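# Observations on the model geometry
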Amino acid sequence: METIERCLTVHKDESKSLTLVSPLDFSNLNFSLDNNSSLRLVMILHGEVKDLSFIGKLKEGAKMHVTIFDLSDGLLNLNANIELIGIDSSFDWTLASVAKENDDKNIDASFHHLVERSKASMSNLGVALKGGKLKFSGIGKIYEKAYKASVSQVAKIIVYDDISFGRADPILSIDCDDVIAMHSASVGSVDENAMFYLTSRGVDEDEAKLLLTLAHLKMAINEIEDEKIKEDILSSLRKIL
């Protein structure tokens, strides 16, 4: 597959907000945030995407927040490699992904702290059902002399049936003292007690599954401000479940 690159620069003290809905006109997004700039990026993935990568650098005081809602079909290899090269730079990443029949999805996001007081947080939330495969991986790397850097990684996958697969491998690599670092990962079946509670009160199984999925993906959904996009996501989830 041909790599189509798109470059995005946010200049000093500039603030941008961007919402992208597939089909996308690129497979590689290369971005650079200058001093004290900010970027809010929302991406909704539908249809076939296959390969998508993010490569970025954040300079001093730059702030970026990314929300990705993945409802794509088939194979997906999504990679992110972010370098925090400026003091007080910060990067927040929230991703929700649903893997259904014939889906094989690999999400690999790595954040590199090269300077002091840089911050990064990652939340990967996933659902695997009807034979879908979903894997989250990535490294939070704090380099030598990146004092008071902060890194957080959370990965959670619900697997709805025995023919589906989920795996979460968040990794921390720390070469510096005086930092804040945490990670957590969980892969498990749907909460049977919650399913029983809902169905025992007249909610049918499909609707109960939808409600539990929405609760699991709530963080990503709440970060999407466009109500029409939220409605489209809900409609797509109803069809999938």
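This structure is a prediction, so every number in the text was calculated from the model and none was measured.

Turning our eyes to something else, we now look at the sheet that holds strand S3 (residues 28-33). Overall, parallel pairing links the seven strands, which are arranged S1-S3-S5-S7-S9-S11-S13 in an open sheet. What marks the edges here is a single partner per strand, and that holds for strand S1 (5-10) and strand S13 (165-174). The average angle at which neighbouring strand axes cross in this sheet is 10°, direction not considered. As defined by bridge partners, strand S5 (residues 50-58) adjoins strand S7 (residues 75-84) across nine bridges and the pair is classed as parallel.

This brings us to a negative patch on the surface. Taken together, the side chains of Glu225, Asp226, Glu227 and Glu231 make up a negatively charged region of the molecular surface. On the secondary structure map, Glu225 appears in the loop between helix H3 (218-222) and helix H4 (227-240). Using a relative accessible area of 73% as the deciding quantity, one classes Glu225 as exposed.

In this sheet, S5 lies alongside S3 in parallel orientation, the contact comprising six bridges. Its bridge partner being in S5, Ser32 is matched across the sheet by Lys57.

For the rest of this paragraph, the subject is the packing of aromatic side chains. This model, assessed by the stated rule, comprises three aromatic pairs. The interplanar angle of 65° and the centroid separation of 6.4 Å between the aromatic rings of Trp93 and Phe111 together place this pair among those described as edge-to-face. Within this pair, whereas Trp93 is found in strand S8 (residues 90-99), its partner Phe111 is found in strand S9 (residues 104-113), the two being separated by 18 residues in sequence. When sorted by exposure, Trp93 lands in the same class as Phe111, which is buried.

Next up on the list: the packing of helix H2 (residues 205-216) against H4. In helix packing, the relevant descriptors are the interaxial angle and the interaxial distance, both defined with respect to the helix axes. For the pair H2 and H4, the least separation of the axes is 10 Å and the interaxial angle reads 135°. In this view, H2 runs oblique relative to H4, as classed from their interaxial angle. Remark: the crossing between H2 and H4 carries right-handed chirality. Taken together, the residues of H4 that come into contact with H2 (itself represented by Glu207, Leu210 and Leu214) are Leu234, Leu237 and Arg238. Considering only residue class, the contact of H2 with H4 consists of four nonpolar, no polar and two charged.

Let's shift gears to the pattern of salt bridges. As enumerated under the stated definition, the model contains 13 salt bridges in all. A salt bridge links Asp178 to Lys148; the nearest nitrogen and oxygen atoms lie 3.1 Å apart. Taken as a pair, Asp178 in the loop between S13 and strand S14 (180-189) and Lys148 in the loop between strand S11 (133-142) and strand S12 (150-159) lie far apart in primary sequence, 30 residues in all. Judged by its relative accessible area of 45%, Asp178 falls in the partly exposed class. For Lys148, a relative accessible area of 51% translates into the label exposed. Where Asp232 meets Lys228, a salt bridge forms, and the shortest distance between an N and an O atom there is 3.0 Å.

Rules used throughout
Residues numbered from 1 in each chain as written. Predicted model: local features only at pLDDT ≥ 70, side-chain atom pairs only at ≥ 80, totals over all residues. Heavy atoms only, no water. Pairing = 2+ DSSP bridges. Helix = DSSP H or I, 4+ residues; strand = E, 2+ residues; numbered from the N terminus. Axes fitted to C-alpha atoms, helices over the stretch in contact; angles between N-to-C directions. Patch = residues over 30% accessible without salt bridge, like charges linked within 9 Å, V, L, I, M, F, W, Y side chains within 5 Å. Areas by Shrake-Rupley, 256 points an atom, 1.4 Å probe, with all protein chains shown as cover. Salt bridge = Lys/Arg side-chain N within 4 Å of Asp/Glu carboxyl O. Lys, Arg positive; Asp, Glu negative; His and termini not counted. Charge placed at Lys NZ, Arg CZ, Asp CG, Glu CD. Buried < 20%, exposed > 50% of the residue type's maximum accessible area, 1.4 Å probe, protein only. Phe/Tyr/Trp six-rings, centres within 6.5 Å; stacked < 30°, edge-to-face > 60°. Parallel < 35°, antiparallel > 145°, perpendicular 65-115°, else oblique. Left-handed = near helix turned anticlockwise from the far one by under 90°. Contact = heavy atoms within 4.5 Å. Nonpolar A, V, L, I, M, F, W, Y, C, P; charged D, E, K, R; others polar.

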